[in-house]
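Tertiary structure, described
The primary structure of each chain is shown beneath.
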Amino acid sequence: MRLAGIRTRAEEFLGESRKEWYEVGAGLKEDVRLSEIFAEYADLFTRDNIETLTSLADSADDEVESLRLAELRGFLTLAHIRNATRELSERALLFETKTTVETPEGESIPYRQSAVALLNESNREKRTFLENARCEALAEKNVFLEQIHRATHRMADDLEFEGYLGMMAALKRYELEPVRDEMQRFLECTGALYAEAMEEALSRMDVPLSSAQRHDAQFCFRGSEYDALFPAEKIEPSAREVCASMGLDLSAEGRVRLDIEDRPLKSPRAFCASIRVPEEVYLVIRPRGGYDDYSAFWHELGHALHFAGVAADAPFEWKRLGDNSVTEGFAMLFDHLLLEPLWLEDALGGEASDYAAFLAHHALFELYMLRRYAAKIDYELTLHQGADLTGKDDAYREKLSSATGVEYPRISYLDDVDPFFYCANYLRAWMLQAQMAEVLKTKFGERWWANRESGGFLMEIWRDGQRHDGDSLSRHLGYRRLTTEPLEAQIRNLMPH
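Residues numbered from 1 in each chain as written. Predicted model: local features only at pLDDT ≥ 70, side-chain atom pairs only at ≥ 80, totals over all residues. Heavy atoms only, no water.

All right, on to the packing of aromatic side chains then. Across all of its chains, the model carries 28 aromatic pairs by this definition. Geometrically, the ring pair formed by F230 and Y294 is edge-to-face, given 5.3 Å between the ring centres and 65° between the ring planes. Here F230, found in the loop between α10 (214–222) and α11 (235–245), pairs with Y294, found in helix α12 (residues 291–308); they are 64 residues apart in sequence, far enough to count as distant. Plain terms: the ring middles of Y291 and F358 are 5.1 Å apart, the flat faces sit at 70° to each other, and that makes the pair edge-to-face. On the criterion of sequence distance, the pair formed by Y291 in helix α12 and F358 in helix α16 (residues 352–383) is long-range, its members being 67 residues apart. A relative accessible area of 0% means that F358 is categorised as buried. Among the aromatic residues, those joined into a ring-pair cluster are F13, F38, Y41, F45 and F75. Residue placement shows R134 over the ring face of Y111; its charged tip is 4.5 Å from the ring centre. (Phe/Tyr/Trp six-rings, centres within 6.5 Å; stacked < 30°, edge-to-face > 60°. Helix = DSSP H or I, 4+ residues; strand = E, 2+ residues; numbered from the N terminus. Buried < 20%, exposed > 50% of the residue type's maximum accessible area, 1.4 Å probe, protein only. Lys NZ or Arg CZ within 6 Å of the ring centre and 35° of its normal.)

Right, let's talk about the sheet that holds strand β3 (residues 256–259) for a bit. Here three strands make up an open sheet; going across it, the order is β3-β5-β4 and the pairing mixed. Unpaired on one side and paired on the other, β3 and β4 (271–276) mark the two borders of the sheet. Between one strand and the next, the sheet's axes are offset by a mean angle of 20°, whatever the strand orientation. Judged from the four bridges that link them, β3 and strand β5 (residues 280–284) form a sheet pairing that is parallel. Residue pairing in the sheet places D259 in a bridge with V284 of β5. With respect to the sheet, helix α1 (residues 3–25) is in contact with β3, β4 and β5, its orientation differing from that of β4 by roughly 145°. (Pairing = 2+ DSSP bridges. Axes fitted to C-alpha atoms, helices over the stretch in contact; angles between N-to-C directions. Contact = heavy atoms within 4.5 Å.)

Quick look at the pairing of β4 now. Of all six residues that make up β4, five are buried, and the element is covered over most of its length. One ladder, built from five bridges, connects β4 with β5; its direction is antiparallel. Across the sheet, A273 pairs through a bridge with Y282, a residue of β5. Adjacent in sequence and paired antiparallel, β4 and β5 are bridged by three residues.

What follows deals with α12. A rise of 1.5 Å per residue sets the reference length of α12, with its 18 residues, at 26 Å; its end C-alpha atoms lie 25 Å apart and thus fit the reference within 8%. Where burial is concerned, most of α12 is hidden: 17 out of the 18 residues are buried. (Expected span 1.5 Å × (residues − 1).)

Next up on the list: the environment of M246. Secondary-structure assignment places M246 in the loop between α11 and β3. Each C-alpha atom, one on M246 and one on L342, is 15 Å from the other, the two residues being 96 residues apart in sequence. Sequence-distant contacts of M246, defined by excluding residues within four places in its chain, comprise F334, W448, W449, N451, R452, S454, G455, G456 and L458.

The axes of two packed helices give the description: the angle between them and the distance between them. Where α11 contacts α12, the axes come no closer than 11 Å and their chain directions differ by 45°. In terms of orientation, α11 lies oblique with respect to α12. At the point where α11 passes α12, the crossing takes the right-handed sense. Where α11 approaches α12, its residues I235, S238, A239, V242 and C243 are matched on the opposing element by D293, Y294, F297, W298, L301 and L305. Of the residues that constitute the contact of α11 with α12, the class distribution is nine nonpolar, one polar and one charged. (Parallel < 35°, antiparallel > 145°, perpendicular 65-115°, else oblique. Left-handed = near helix turned anticlockwise from the far one by under 90°. Nonpolar A, V, L, I, M, F, W, Y, C, P; charged D, E, K, R; others polar.)

Bringing the confidence of the model for the protein into the picture now. On average, residues of the protein score 94 in pLDDT, and 99% of them reach the 70 mark or higher. Per-element averaging of pLDDT across the protein places helix α5 (residues 86–98) at the bottom with 86 and helix α17 (residues 392–404) at the top with 98. (pLDDT = per-residue confidence, 0-100.)

This part takes up the nonpolar core. By size, the foremost hydrophobic cluster in this structure holds 130 residues, and its most contacted members are M167, M198 and W298. The greatest single-element share of this core, amounting to 16 residues, is contributed by α16. Ranked by size, the runner-up nonpolar core spans 19 residues in total, among them L76, A79, F316 and L321. (Core = buried A, V, L, I, M, F, W, Y, C linked by side-chain atoms within 4.5 Å.)

For helix α3 (residues 47–59), with 13 residues, the first-to-last C-alpha span of 18 Å sits near the 18 Å given by 1.5 Å per residue. Among all positions in α3, only N49, I50, L53 and A57 are buried. What you see down the axis of α3 is that its buried residues fit within an arc of 100°, all on one side. Exposed and oriented more than 90 degrees from the buried face of α3 are D48 and D58. (Arc of directions from axis to C-beta.)

A word on the packing of helix α9 (residues 177–203) against α10. Here α9 crosses α10 at 80°, and the two axes come no closer than 10 Å. Considering their axes alone, α9 and α10 lie roughly perpendicular with respect to each other. Contacts between α9 and α10 involve M198, A201 and L202 on the former and, on the latter, D216, A217, C220 and F221. A breakdown of the residues in the contact of α9 with α10 according to their chemical character gives six nonpolar, no polar and one charged.

The next subject is the pattern of salt bridges. Taken as a whole and assessed by the stated rule, the structure comprises 46 salt bridges. With its nearest N and O atoms 2.5 Å apart, the salt bridge here joins E96 to K141. With E96 in helix α5 and K141 in helix α7 (residues 124–158), this residue pair connects regions lying 45 residues apart in the sequence. The exposure class of E96 is buried, given its relative accessible area of 19%. Taking the relative accessible area as the measure of exposure, K141 reaches 7% and is therefore buried. A salt bridge links E105 to K126; the nearest nitrogen and oxygen atoms lie 3.2 Å apart. Taken together, the positions of E105 in the loop between β1 (100–102) and β2 (108–110) and K126 in helix α7 put the pair 21 residues apart, joining distant regions of the chain. Shared partners join several salt bridges into a network, and the residues in it are E182, R185, R481, E488 and R492. (Salt bridge = Lys/Arg side-chain N within 4 Å of Asp/Glu carboxyl O.)

Dropping the structure here:
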């Protein structure tokens, strides 16, 4: 297949597959036809095409074209693996949409819905029952996840990489180890602060930190006591007002489409589906009440506005591929507005005193999540040292439990893993958004979201899609490198310890 044909077919494939992903995730349909879609594009994900792109990238004289070819090669390589494991992936997805879990009251509810039920269950015994029921069901899903893990490692070897980690080193635009090392420094610097604050937060639930379970932390950070501050009916109108104050249109002139209806099979995890960039982008959320709705909505809105803001004539690789640390950075820039006291007053009304307790709570949640993801990248570097899974469940439990202070169940050792080290994209995005926020405050003031010029500043960056990786964008903003220091400073300023 010629290069132009590869690019055209790749864009068509992404449009079709993400539409399918949207419809299943949005709860619009039960049956998944990803296998059919992959079969339709079998001519795209061939080893010959991968080798052709590798050769073209190595011999390209133009640096930009070489980078585009490398991105395309990376996409086809990972799609080649996804294609080979698609039946297993589909069965794992069908498990989530069709499996039910029994509640403490004896009611049978969808597996996905049980995650929401657990978050809102104040009775610890009932919450433990739900957690155990979910873990028992997860054992069935793990059968597919284990096979996917082994097959992926085999294919990395077959493609003549130096194992799975060698493949990631060859295909990613950044190294993974420096991300892990920066987060290990963060763990050390925030350990005492975290332990004291987490102990205090859990004590209000009559749960000692020494015996806390993952579900205790999940319920703690649900923050139902702050629900009244974040009325569901104000999510969309407040977002429209804030966007307008930045000179932005929430719907990006119709390119961004909101899906906020509640459906039984809808995924509890909010997501953005970029079906056609920049023309057709969906923001999907299943509201369950509270500040988490706002955080999820603004996160996905950051994605949606970024994708909808890409120049229509941008190359395919910058529209669809690239370093996802960048789009995650824009998503986090928006969801981190919930850590801005002035933004809360502007968007929701009230005074600073109304939000002080919430901000301390949310800052602790931020710290918990950062420590959790620091453990995840460390664990995943261990997980992917080889195809053998012996002892990996213990490694997961030990690393996650140590970093967060709460006991994590071994059974989640594969379910709590996004493919191809996406956790590193999140961590780099966390660092990038903090740097972007500092620059916006310097240029447009503490209330940068109330300055119409801030939207223009962001739109200018969005036009490039993901042409630049997180490191080069950080340097463009005036920083030497991505670092957690601005994150740590923000958390310390908001927590009363």
